[in-house]
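# Architecture at a glance
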Amino acid sequence: SAAYDWLVGAGELTGEDRAEARFRLLRLAQIEHQIQKTPWDQLDRSKFYPRKSNYGFRSLSGVGMVALTFPNQKGLIPDPSGHLDPSSAEAFGSREVLKWVTGELFEEITVEYSANPTSDSMVGHYVSPDGYYEEGYFYQNDTFSLLTPFLVAYDHSLGVDYISVGSLTKDIHAIDLSMRFD
């Protein structure tokens, strides 16, 4: 997101190159979103690798960041170079995806993994009230090095602060995302 914004702002990414970069970022986010929202036992493992725990945080943070970068994306992703067979193209809506990402992080994991079932949120399940990450210190650094920039961007874009003391588990239902994007 920061690199894309910098390249566009500096005039280094224009025209077809900009459209191609936009397509690739959105398509990668779309694939990651599909992986995350598909139940563990229904994921086509010939095409996708399941992402759990710290990988889930990485994936959700990345998908959320792309949704923040392209907040007005809805419908089919424009494919300037014709990478996808039009019959396999699927719609991707940034607002809906961002709502799903924050729901997974802060409300409830909707796709349970058989190895570690829970009805808690990703943050609630993997992060203790005192901030300790379930998988240990090194994974905590890895996870939060990606989650933190997303949460900062989320705060700057939508004015919702999940980082301040005592607010990491703030109730997302009180927030009307559609009004904040307009």
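An account of the accompanying structure is given in this report.

## Focus on the overall build of the protein
Along the protein, the regular secondary structure elements total 7 helices and 0 strands. Secondary structure of the protein in N-to-C order comes out as α-α-α-α-α-α-α. Burial statistics for the protein: of 182 residues in total, 41% are counted as buried. For the protein, contacts bridging at least 24 residues in sequence account for 55% of all contacts bridging at least 6. As displayed, the protein has an accessible area near 10,300 Å², and 53% of this comes from carbon and sulfur atoms.

## Considering the packing of aromatic side chains
Within this structure, the stated rule accounts for 4 aromatic pairs. Ring centres 3.9 Å apart and planes at 5° place the aromatic pair Phe106 and Tyr162 in the stacked group. Separated by 56 residues along the polypeptide, Phe106 in helix H4 (residues 94–106) and Tyr162 in the loop between helix H6 (137–158) and helix H7 (177–181) bring together distant segments of the chain. Like Phe106, the residue Tyr162 is buried in the burial classification. With 5.8 Å between their ring centres and 50° between their planes, Phe150 and Tyr154 make a pair best called tilted. Of this pair, Phe150 and Tyr154 both sit in helix H6, separated by 4 residues, roughly a single helical turn.

## Topic: the side chain of Thr69
Within the secondary structure, Thr69 sits in helix H3 (residues 53–69). What makes Thr69 buried here is its relative accessible area of 18%.

The rules behind each value
- Residues numbered from 1 in each chain as written.
- Predicted model: local features only at pLDDT ≥ 70, side-chain atom pairs only at ≥ 80, totals over all residues.
- Heavy atoms only, no water.
- Helix = DSSP H or I, 4+ residues; strand = E, 2+ residues; numbered from the N terminus.
- Buried < 20%, exposed > 50% of the residue type's maximum accessible area, 1.4 Å probe, protein only.
- Contact = heavy atoms within 4.5 Å.
- Areas by Shrake-Rupley, 256 points an atom, 1.4 Å probe, with all protein chains shown as cover.
- Phe/Tyr/Trp six-rings, centres within 6.5 Å; stacked < 30°, edge-to-face > 60°.

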